[in-house]
Amino acid sequence: MKQLKKTAIALGAAQLALIASGMAFAQSEPATVTVVGQRAALESAQKIKQNADEIVDSVVADDIGKLPDKSVTEVLQRIVGVTIDRTMNRVDPQQGVGDGIQHFAAEGTGVSIRGLSYVRSELNGRDSFSANGGRSLSFEDVPPELMAGVDVYKNPSAEQVEGGIGGLVNLRTALPFDFKGRKGALSVEAARSDLRGKTSPSFSGMLSDRWDTSLGQFGALIDLAHSRIDTRSDGMSVGPYIPRNNIVVGDTSGKTRWAPGGIGFTTNNFARDRDGLYGALQWKKDTLSSALTYFRSKYKIHTTENSFFQAGQASVTQLDPGATFDDQGALLTGVLRDPSEGGVNVGTAARATGRTADTRDISWNLSWRASSQWTLRTDLQHVKATTEGYDNTVGLGGFIPKETLNLGASPIGVSFDASDRAALLNPANYYWGFTQEHRDKADGTLKAGRIDAKYTFDDPVLNDVRFGLRATEREALTRSTHDTEWTQISQPWAVGDSWQPLSQFAYLSDPRFTGHSGTQGFSNFFGGQFGVPTVIVPNMALTGNVPTNFAMLHNYTQLVCKTPCSQAVWTPAPYGDATGLNEQHERTKAAYAQLRFGFDKWQYPVDGNVGVRVVHTDMTAGGYQLFAPPTSTVIGVPAIPAQSQRQDFSNSYNNVLPSLNLRMKTSEALQFRAALSKGMTRPDFWQMQTYTTLSQNVHTHQDASGQAVLDSIDYTGSAKGNPMLKPTLSNNFDLTGEYYFGRSSSFTVALFNKQIKDIIIGQTTSVALKDTTGASHDFLITAPVNGAKGRATGLELGYQQYFDKLPDWMSGFGLSGNYTYIDSRMSMYAPLNRTWCTPKADLASSLAASIGGCDTDGRVLNNGNLPMTGMSKNAFNLALLYDRGPLSARVAYSWRSKYMQAANAYGANGSDGVDANPNSATKGQASSVNYALPVWGGAYGQVDMGIHYKIAENLSLAFEARNLTNALFKQYMQQNIGFKEKGAFYTGRSYTLQAQYNF
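This one's a predicted model, so the numbers in the text were calculated from it and none came from an experiment. (Residues numbered from 1 in each chain as written. Predicted model: local features only at pLDDT ≥ 70, side-chain atom pairs only at ≥ 80, totals over all residues. Heavy atoms only, no water.)

Caption draft 1: Representation of the overall build of the protein chain in the model. A count of helices and strands for the protein chain gives six helices and 48 strands. The C-alpha atoms of the protein chain give 30 Å as radius of gyration, which agrees with the globular expectation for 999 residues (30 Å, within 12%). The dimensions of the protein chain, computed from C-alpha atoms along their principal axes, are 95 × 60 × 60 Å. Taken over 999 residues, the protein chain has a buried fraction of 57%. Intrachain contacts of the protein chain at a sequence separation of at least 6 include 75% that bridge at least 24 residues. Element-wise, carbon and sulfur atoms account for 56% of the exposed surface of the protein chain, whose accessible area totals about 39,800 Å². Where the 92 positive side-chain charges of the protein chain centre and where its 91 negative ones centre are 4 Å apart. (Helix = DSSP H or I, 4+ residues; strand = E, 2+ residues; numbered from the N terminus. Rg over C-alpha atoms; globule rule 2.2 N^0.38 Å. Buried < 20%, exposed > 50% of the residue type's maximum accessible area, 1.4 Å probe, protein only. Contact = heavy atoms within 4.5 Å. Areas by Shrake-Rupley, 256 points an atom, 1.4 Å probe, with all protein chains shown as cover. Lys, Arg positive; Asp, Glu negative; His and termini not counted. Charge placed at Lys NZ, Arg CZ, Asp CG, Glu CD.)

Structural data, given as structure tokens:
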């Protein structure tokens, strides 16, 4: 009842705002003018919103192949209620090594609607997807040059295909009959990034025509696009803050101080090619019409990265006297050393990654107007999506005297004196450390067919009834490397005079191991804002031809191995075998009926639709449970045989999804909407995988004689999916008010509430394996389950207007803006009710860490107040527009507040925390906490601009610039001492110059 009162009050306030806006704008109704370009596109988008049966927002191309941004992802972020991520975080854990959250995305990723990632993607009203382990497109894969418009439905009706409780994104392409006759366009473009300093070409072309014949009207269209960008991003990073009372040399106060183990920096070169091909054939004769379309989108990226990173543990480093701390005890400035290792343990790496993604769609429809009342339509579709990726790294380890940290600055800073810089250039301080290889390939297919019918009433109230059937068959197949992707060459834990297998490091200064490395200078780092030292890195060429190059590097291990050597000869990680395979099969059947009606005779006419959609889903999945025993020779470690067990599952469920959409027109300019619906989103395919990996992690220390002593053993694992998951469901309620006071002028307000249940979260359980003596050992694994419910309540405001009454040239100015506010909360079906996530081997402790987050001192984070992933409380867009004569221009700013990216993410989790739980047997011990710090994307805003000038009737030039303010994207780790900066990414400005010719 309290929530209902708030909603009623908010709606009343919205109505008052609309009435006030009507009074304010009624005096400035613009004169009738002929518009083209940007303003015409805004008018078209406004008309779509005003006349739609559902709540929808649109972006329309202002000319052929001219959406207002250079990627569909960035186009979407301009729409009210839509936000995007800025990291290369892939949802499928098999498609990468899990650290995408630590890499900046040049064009944005991860589209959310009203804060929810449950987004369904369509191409011309049909299913469309990428082979990314999910159910929707990776929108950055799609060429915007092929799009005629983008529609975002916030509360879809029963007629629309189920699957997006956040919303539905429909990408629209042109058809030949959209044009009166022959139409063509050509464009060429050059793009350049300040930081990369490289110019890249792009082009697109479209040709369409139509003919009248004795057999009917025929039309044909073909559209081609190719674009390339070359960019660079620089990054600074820091590890989690670990609590200690002995970190400062000479400090006997016993105060707890929080400090990380060091700082890292990286530079990443990014090259992207995107190709598109679209063709359409159209035919119409009398009451029959048909269209055949083919769409192909191909996306290819390649990155090369050089990095410097911390390799030691924060539990053993020390700070010189004079270090400063904030009022929470967190380190601000200090000189970091590691006497236990003879120097701060650092590393450098050369890394190369790449991915090719390809989506092909062929679709055919036939429509027959059987009579003045009956219309029948059939539609067939086949989609084939593939992706293939690699990620190869070669790493060096090393020791330097010290690092001077400045964690009070933002971005965080590090400095090195002359002796440190000399050490970083000395090959004698580096050794060959490790390699990591990864390959994956995924295929997804869809066969879909539907039959729809519409009966039009001759009635003053009933407009028409629509009903239909749809059936689909979808398959997803993913294969990847497994078991041994990361492999040591020579590591500190493997070198020693006791049980360790290696007698020494494979130092670069050793004549046997020289070559294959060079220096990396990090020139123009952060656009020259920071200076970081030159370091020695592996040659990038080593990341290619993996079987040969990695075998050469791992032969170094054999050369420093004690006799007899216990280290097996390196072999490539298994790939393409059955144990690295995940198979998903899904069939769906759906039926719907929807009635459209209108009470046009009422004082305030009301129209709308009411309907229901019934869906049945069958799915099967197959995969493996894997365990590879460790190579440790320490006494006391149980011997558990390797495991490779096939698993097969099946699941089915039914869902009934009603919907109601109402619209009331109080005048020609003012209308209100209400929408009620129940929605569903099926689990992503990666969430239903049956791929489980188990690990036995051995922790030791050396006694006074140098012998290894067993401290503890962690039995952990990860179930990458759960084939028995159910869909996430939501009850949706929307109220909107829309005031249109000109063809391109409007003020809109929307209130929404989504009650969500069966949210999929990671939850900890156990799997038992027996050792060779018959003793059982429980492995704690995290697997996805339907374990939570939540809500998202919010407000959307939108406004746009051209100021035609201003004098002379000033009448070309316009303003467009929108604002979104979201309040969200998630609660567990089984509440945590824990303050501590220690002792770390406890099942309940692991669950608390994976759900709410666990600090490095063992305290639970977000206990009872769990935020929903990806949801910013505030977001807005603001654009200053200008359209007059041949000139069209825009300066746009897009901003969102901070949002949680993951509760347990790579780079913010580990096992070297120090337990502060007074009731734990491990209180005060090193490496006594398996921590998991939630990672948040910081508030981010970016200014872009574009200027388009029409030189002649058919020829125009355009100049666009992105990120004019050199904005930094920052990430934060959530700890009880506050939100600590985890990293910052700089990509600089980029520019494009385009010429377009229409005919």
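Continuing now.
Caption draft 2: Representation of the state of the cysteines in the model. For the coordinates displayed, the defined rule picks out two disulfides. Covalent S-S linkage joins C561 and C565, the inter-sulfur distance amounting to 2.1 Å. Handedness of the C561-C565 disulfide follows from its S-S torsion of about 100°: it is right-handed. Looking at C561, the relative accessible area reads 10%, which means it is buried. According to the relative accessible area criterion, C565 is partly exposed, its value standing at 33%. Across the disulfide, C837 is cross-linked to C854 (sulfur-sulfur distance 1.8 Å). Since a negative S-S torsion denotes a left-handed disulfide, the C837-C854 link at about 65° is right-handed. (Disulfide = S-S within 2.5 Å.)

Caption draft 3: Geometry of the side chain of S136. Inspection of the secondary structure puts S136 in the loop between β5 (126-127) and β6 (149-153). Taking relative accessible area as the criterion, S136 reaches 17% and is therefore assigned buried. The contact partners of S136, leaving out residues within four places of it in the chain, are V119, S121, S128, F129 and S130.

Caption draft 4: Focus on unusual backbone geometry. The linkage connecting T563 with the following residue, P564, adopts the cis geometry, with an omega of -5°. In this fold, P564 is placed in the loop between α5 (546-559) and β28 (581-599). Cis geometry marks the peptide bond from T838 to P839, where omega comes out at 0°. Although it is not a glycine, D286 sits at a positive phi angle of roughly 55°. By the secondary structure assignment, D286 is in the loop between β13 (263-285) and β14 (288-310). On the basis of relative accessibility, which here comes to 67%, the residue D286 falls in the exposed class. One non-glycine residue, S927, lies in positive phi territory at about 50°. Inspection of the secondary structure puts S927 in the loop between β41 (909-913) and β42 (929-932).

Caption draft 5: Inspection of the environment of Q94 at higher detail. Considering the arrangement of structural elements, one finds Q94 in the loop between β2 (82-87) and β3 (104-113). Residues Q94 and A442, 348 residues apart in the sequence, show an inter-C-alpha distance of 9.4 Å. Discounting chain neighbours no more than four positions away, the residues touching Q94 are H438, D440, T478, R479, S480, G580, N582, Q689, Y691 and K720. A polar atom in the side chain of Q94 sits 2.6 Å from the side chain of N582. (Polar contact = N/O pair within 3.5 Å; in protein donor to acceptor, adjacent residues only side chain to side chain.)

Caption draft 6: Local environment of the pairing of β14. Judged from the 21 bridges that link them, β13 and β14 form a sheet pairing that is antiparallel. What sits directly across from A280, in β14, is T293. Turn length for the β13-β14 hairpin, with the two strands adjacent in sequence and antiparallel, is two residues, and the turn residue D286 shows positive phi of about 55°. Two elements, β14 and strand β18 (residues 344-369), share 23 bridges in a ladder whose sense is antiparallel. Among the inter-strand pairings, N306 is bridged to a residue of β18, identified as A350. (Pairing = 2+ DSSP bridges.)

Caption draft 7: Examining the packing of aromatic side chains more closely. Scanning the model with the defined rule gives 38 aromatic pairs in all. Each ring, one from W432 and one from Y556, has its centre 6.0 Å from the other, and the planes form 55°; the classification is tilted. Of this pair, W432 sits in strand β22 (residues 430-436) while Y556 sits in helix α5, and the two are 124 residues apart along the sequence. Note on accessibility: W432 and Y556 belong to one class, buried. Pairing F526 with F530 gives two aromatic rings, centres 5.2 Å apart and planes at 85°, and the pair type is edge-to-face. Under the relative-accessibility criterion, F530 is labelled partly exposed at 27%. Connected via pairs of aromatic rings, a cluster forms that spans F265, F308, F416, F522, F525, F526, F530 and Y986. Residue placement shows R474 over the ring face of F129; its charged tip is 3.7 Å from the ring centre. One residue, K898, lies across the ring of W936, its end atom 5.5 Å from the ring centre. (Phe/Tyr/Trp six-rings, centres within 6.5 Å; stacked < 30°, edge-to-face > 60°. Lys NZ or Arg CZ within 6 Å of the ring centre and 35° of its normal.)

Caption draft 8: Here's a closer look at the sheet that holds β5. Strand order in the open sheet formed by five strands is β1-β6-β7-β4-β5, and the pairing between neighbours is mixed. In the strand order of this sheet, the two ends are held by β1 (56-60) and β5, each with one partner. Relative to β5, strand β4 (residues 119-123) runs antiparallel, the two sharing two bridges. From the neighbouring strand, L123 faces β5, where its bridge partner is R126. Helix α2 (residues 37-51) contacts β1, β6 and β7 (167-172) of the sheet and is inclined by roughly 160° relative to β1. (Axes fitted to C-alpha atoms, helices over the stretch in contact; angles between N-to-C directions.)

Caption draft 9: Quick look at helix α6 (residues 843-852). The element α6 is largely enclosed, with a buried count of seven among its 10 residues. Elements that come into contact with the buried residues of α6 comprise β35 (745-770), β36 (776-802), β37 (813-828) and β42. Following α6 by one or two positions, G853 has its phi on the positive side, about 90°.

Caption draft 10: Structural view of α2. The end-to-end C-alpha distance of α2 is 21 Å, a good match for the 21 Å that 15 residues give at a rise of 1.5 Å each. Among all positions in α2, only Q38, R39, A41, E43, A45, Q46, K49 and Q50 are buried. (Expected span 1.5 Å × (residues − 1).)

Caption draft 11: The side chain of R682, seen in detail. With respect to the helices and strands, the residue R682 is situated in the loop between β31 (670-681) and β32 (692-702). Overall, R682 belongs to the buried group, its relative accessible area being 8%. Polar side-chain contacts of R682 include one of 3.0 Å to the side chain of T617. What R682 contacts, discounting residues up to four positions off in sequence, is R135, E162, E586, T588, V615, T617, Y653 and P727.

Caption draft 12: Main features of the pairing of strand β8 (residues 183-193). Where β8 lies against strand β9 (residues 199-213), 10 bridges are found, and the strand directions are antiparallel. Its bridge partner being in β9, R192 is matched across the sheet by T199. Hairpin connection between β8 and β9: a loop of five residues separates the two successive antiparallel strands, and G197 in this loop has a positive phi of roughly 70°. Here β8 runs beside strand β48 (residues 990-998); their pairing, made up of nine bridges, is antiparallel. Each residue of the ladder has a partner; that of L186, found in β48, is Y997.

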